[in-house]
Amino acid sequence: MCGINGILGEDNSDLLHKQIFAMNESISHRGPDDSGILLDGDLGLGHQRLSILDLSEAGHQPMLSRDKRYSIVFNGEIYNYKEIKEQLPDYRFKSKTDTEVILASYIKWGKECVERFNGMFAFAIWDSDERNLFIARDRIGIKPLYYYRSDSLFLFSSELRALLNSGRVPRKLNKNAVADYLRYQTVHAPYTMVEDLFMLMPGHSMTISRNNIDINQYWHAEKFISGRPVGNYDQVKKKVRDLLLESVEKRLIADVPIGAFLSGGIDSSAIVGLMSEVSPGNVKTFSVTFDEGEFDEAVYSNMVAEKFKTDHTEIRLKPDNFLDLIPEALNAMDHPSGDGPNTYIVSKKTRESGVTVALSGLGGDELFGGYPVFSHSLKLEKFRLLANLPHTSRMFFSNLLKASSINRALNKAARVFEKEDFDISHSYPVSREIFTDLELGDLINKNNHYHQSNRVKDIVTYLNPMLNSNALISKISIAEMQTYMVNTLLRDTDQMSMASGLEVRVPFLDHDLIQYVLSLSDGIKVPSTPKKLLTDALGDLLPDEVVYRKKMGFNLPWEHWMKNELRENIISNIDTLKENEFFHGETVERLKTDFFEEKTNVHWLKLWLLFVLQEWMNKNNVEL
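What this report covers is the structure whose coordinates are included nearby.

Parameters and conventions
Residues numbered from 1 in each chain as written. Predicted model: local features only at pLDDT ≥ 70, side-chain atom pairs only at ≥ 80, totals over all residues. Heavy atoms only, no water. Helix = DSSP H or I, 4+ residues; strand = E, 2+ residues; numbered from the N terminus. Polar contact = N/O pair within 3.5 Å; in protein donor to acceptor, adjacent residues only side chain to side chain. Pairing = 2+ DSSP bridges. Salt bridge = Lys/Arg side-chain N within 4 Å of Asp/Glu carboxyl O. Buried < 20%, exposed > 50% of the residue type's maximum accessible area, 1.4 Å probe, protein only. Patch = residues over 30% accessible without salt bridge, like charges linked within 9 Å, V, L, I, M, F, W, Y side chains within 5 Å. Areas by Shrake-Rupley, 256 points an atom, 1.4 Å probe, with all protein chains shown as cover. Lys, Arg positive; Asp, Glu negative; His and termini not counted. Charge placed at Lys NZ, Arg CZ, Asp CG, Glu CD. Core = buried A, V, L, I, M, F, W, Y, C linked by side-chain atoms within 4.5 Å. Axes fitted to C-alpha atoms, helices over the stretch in contact; angles between N-to-C directions. Parallel < 35°, antiparallel > 145°, perpendicular 65-115°, else oblique. Contact = heavy atoms within 4.5 Å. Nonpolar A, V, L, I, M, F, W, Y, C, P; charged D, E, K, R; others polar. Phe/Tyr/Trp six-rings, centres within 6.5 Å; stacked < 30°, edge-to-face > 60°. Lys NZ or Arg CZ within 6 Å of the ring centre and 35° of its normal. Expected span 1.5 Å × (residues − 1).

Some thoughts on the environment of Arg351
Here Arg351 shows up in helix H10 (residues 341-352). Each C-alpha atom of the pair Arg351 and Leu502 lies 6.0 Å from the other, and the pair is 151 residues apart in sequence. Reaching out from Arg351, the side chain makes a polar contact with the backbone oxygen of Val355 at a distance of 3.3 Å. Within polar-contact distance, the side chain of Arg351 engages the backbone oxygen of Gly501 at 2.9 Å.

Thoughts on the sheet that holds strand E5 (residues 70-78)
Judged by pairing direction, the sheet is antiparallel, and its 6 strands sit side by side in the order E4-E5-E6-E7-E11-E12 without closing on themselves. Strands at the two margins of the open sheet, each flanked by one partner only, are strand E4 (63-64) and strand E12 (213-217). Where strand E7 (residues 132-137) meets strand E11 (residues 204-208), 4 bridges bridge the pair, whose relative direction is antiparallel. The residue bridging Phe134 from the neighbouring strand is Thr207, located in E11.

Overview of the pattern of salt bridges
For the structure on display, the rule yields 38 salt bridges. A cluster of three or more residues bridged by salt bridges with shared partners is formed by Arg30, Lys143, Glu159, Arg161, Asp334 and Asp494.

Comments concerning unusual backbone geometry
Note the cis peptide between Gln61 and Pro62, where omega equals 0°. Summarising the element assignment, Pro62 is placed in the loop between strand E3 (43-49) and E4. Phi at Lys68 takes a positive value of approximately 70°, unusual for a residue other than glycine. Here Lys68 is to be found in the loop between E4 and E5. Even without being a glycine, Lys309 presents a positive backbone phi close to 50°. Positionally, Lys309 belongs in the loop between helix H8 (298-307) and strand E15 (311-317). On the accessibility criterion, Lys309 (56% relative accessible area) is exposed.

A few points about the environment of Leu317
Tracing the chain through its elements places Leu317 in strand E15. Through-space distance from the C-alpha of Leu317 to that of Thr289 is 6.1 Å; in sequence the pair is 28 residues apart.

Focus on a positive patch on the surface
On the surface, a cluster of positive charge is contributed by Arg66, Lys68, Arg92 and Lys94. Classification of Lys68 by relative accessible area gives exposed; the value is 56%.

A look at the nonpolar core
Counting 101 residues, the largest nonpolar core has Phe117, Phe123 and Leu509 as its most contacted members. The element best represented in this core is helix H18 (residues 472-498), accounting for 12 residues. Met496, Leu605, Leu607 and Leu613 belong to the second largest nonpolar core, which has 81 residues in total.

A closer look at the packing of helix H24 (residues 567-578) against helix H26 (residues 604-620)
For the pair H24 and H26, interaxial distance at closest approach is 9 Å and the crossing angle is 75°. One way to sum up the angle between H24 and H26 is to call them roughly perpendicular. The residues of H26 that touch H24, namely those facing Asn569, Ile570, Asn573, Ile574, Thr576 and Leu577, are Leu607, Trp608, Leu610, Phe611, Leu613, Gln614, Glu615 and Asn618. Tallied by class, residues from the contact of H24 with H26 come to 8 nonpolar, 5 polar and 1 charged.

What to know about the side chain of Asn75
Within the secondary structure layout, Asn75 lies in strand E5. The class of Asn75 is buried, set by a relative accessible area of 0%.

Observations regarding the pairing of strand E9 (residues 154-157)
Burial along E9 is two-sided: Phe154 and Phe156 facing one way and Leu155 and Ser157 facing the other are all buried. Pairing of strand E1 (residues 2-8) with E9, which is carried by 4 bridges, proceeds in the antiparallel orientation. Opposite Leu8, over in E9, you have Phe154 as the bridge partner. Relative to E9, strand E8 (residues 146-149) runs antiparallel, the two being bridged by 4 bridges. Bridged to Tyr147 within E9 is Phe156.

Digging into the sheet that holds strand E14 (residues 284-290)
Reading across from one edge, E15-E14-E13-E16-E17 is the order of the 5 strands in this open sheet, with parallel pairing throughout. Across the chains shown, the open sheet's two edge strands, defined by having one partner strand only, are E15 and strand E17 (503-505). The average angle at which neighbouring strand axes cross in this sheet is 30°, direction not considered. Taken together, the 7 bridges between E14 and E15 define a ladder with parallel strand orientation. Its bridge partner being in E15, Ser287 is matched across the sheet by Glu314. Taken strand by strand, H8 contacts E14 and E15, and its axis lies near 170° from that of E15.

Some points on the packing of aromatic side chains
One pass over the structure, following the stated rule, counts 19 aromatic pairs. Ring geometry for Tyr191 versus Phe198: centroids 6.2 Å apart, planes at 55°, classification tilted. Taking relative accessible area as the criterion, Phe198 reaches 28% and is therefore assigned partly exposed. Ring geometry for Trp608 and Phe611: centres 5.1 Å apart, planes at 40°, overall tilted. Of this pair, Trp608 and Phe611 both sit in helix H26, 3 residues apart, roughly one helical turn. Of the two residues, Trp608 and Phe611, both sit in the buried class. Among the aromatic side chains, those forming a connected cluster through ring pairs are Tyr70, Tyr106, Phe117, Phe121, Phe123 and Phe134. One cation-aromatic arrangement involves Arg432 over Tyr484; the distance from NZ or CZ to the ring centre is 3.7 Å. Seen from the ring of Tyr300, Arg549 lies directly overhead, with NZ or CZ sitting 4.3 Å from the centre.

A closer look at the side chain of Asn620
Within the secondary structure, Asn620 sits in helix H26. Residues contacting Asn620, with those up to four places away along its chain left out, are Arg161, Leu164 and Arg171.

Quick look at the pairing of E11
Burial runs high along E11: 4 of the 5 residues are buried. Sheet topology places E11 next to E12; 5 bridges connect them, and they run antiparallel. The residue bridging Ser205 from the neighbouring strand is Asn216, located in E12. Here E11 folds back onto E12 in antiparallel fashion, the turn holding 4 residues.

Thoughts on helix H6 (residues 233-250)
Spanning 18 residues, H6 covers 26 Å between terminal C-alpha atoms, matching the ideal 26 Å at 1.5 Å per step. Listing the buried residues of H6 in full gives Val236, Val240, Leu243, Leu244, Leu245, Ser247 and Val248. Taken together, the buried residues of H6 touch helix H7 (266-278), strand E16 (357-359), helix H11 (364-368), helix H19 (511-518), helix H20 (522-525) and helix H21 (532-537).

Here it is in structure tokens:
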């Protein structure tokens, strides 16, 4: 795992070197083992290396082809690189790295080489003869790639902060992204929080020359939706288990110590159980546990560790230990997010415990229906006829739900009743909303010209009419993967784990497994019990206590901290934000006052998002 940088179009070589050096310095945490710069006319490439495969100097980047025509910078892992290498007998390799396999693949197959790769990746290849740059990002979006383009310059990097520190990107907040962030605690790609700074979308590649940029989508998740039964249930279970086991086995390739996160939930326990089947020695597992019973999952993680005889490390913390590390986590935040500190702290403690690579259960919920939105969407589908009721009747039901409870889930259900239909293009965007449209209208000054479209609605609308009605679960899976997972979970995982020099691998996001599960009908995947297809496929691998336990996650006392230990910091940032003409100062002040006076209309996450936004703007000198 590494960090990559590049600039195309800078004719001053001294200035180009200075800018690439500054970008490398900005992401040195991603690759503490080595650093490299290559200049070729108006092209500069930079690299920071975290050595995982072939730890020798032969793995140094930027890496050149033998004839010096092509050069590459690469971030990620190609798990099937050995198989691909066998298909390249004419190329004389000088290293044992997957990086050189990518380079040789591009030389032989051109931009179509990406379709052969199984892994997580973002890379750039420079052709010094044609004077063009080829850039690609993995199918799922596990590895990030940010870029900036002006009339004469093109810059790219693994992190947004490197582009800002190049000195060539204006530090101007993207006003259109603010509503997206406040609505969903993230900004959805291809947009970012900085104006004119974008992300390459997952499953896309681009070719850049001095005067042109061509973007191509090489993978389409929706093409694998069929909704048709595939074999009998026993065959399906066996196929799911085989694909997941193969995925785990692929991700054990490394020349450094490998471990696994173990929360004691279904997904992490499944990964650990399958690792134990294919690992030559005892699996190293890591759990973060708490003294407070309300948050502690130790009973489950210890149960799994004992079952599979893992070399288990329990990192026992008090919530105050997390509190002490929050400033570090905020400093590590490359892009504003409402959910990053948890990942930072777990990654930091795991890295300090002696491993460089950790496998994670991320993606299991999205693929196998682990979130409430799956069951809720299935129920809504049964009641779609209610959408034909007069609007006044639907508003009556909505107001009845709102009045009956302050529960956030019921309030979201009430808002769905107000929509013109209950299909996923109308219901799904409500599922993860923090601020509603009405609240954003009060919060953001209407005199500011910004486009307040709902990015999640834009993303999922195209899924709605797709194919037959037996594929609703697959549609929700894609919606989850293309919104919350890639723009919050994966981005947070990348930036926060790499802040500690830890590589995180995600077996559930193997594209072969994803394509197969998406092809299955709803009847096979309905989560009548927790992630039924997954747990059935694993047989007796997991204890019943793990399968049927209550889903917990990281339930830390954020509201208490914000009202006590973090109070001064929260108030300082909120008071600064309310003076910005982009916001209605009176509304910001009311949110702050209501929160600290413990009125029920202000969830802590709403104020936290405003606090983080101002904190991030302060640290990066970004202005509205």
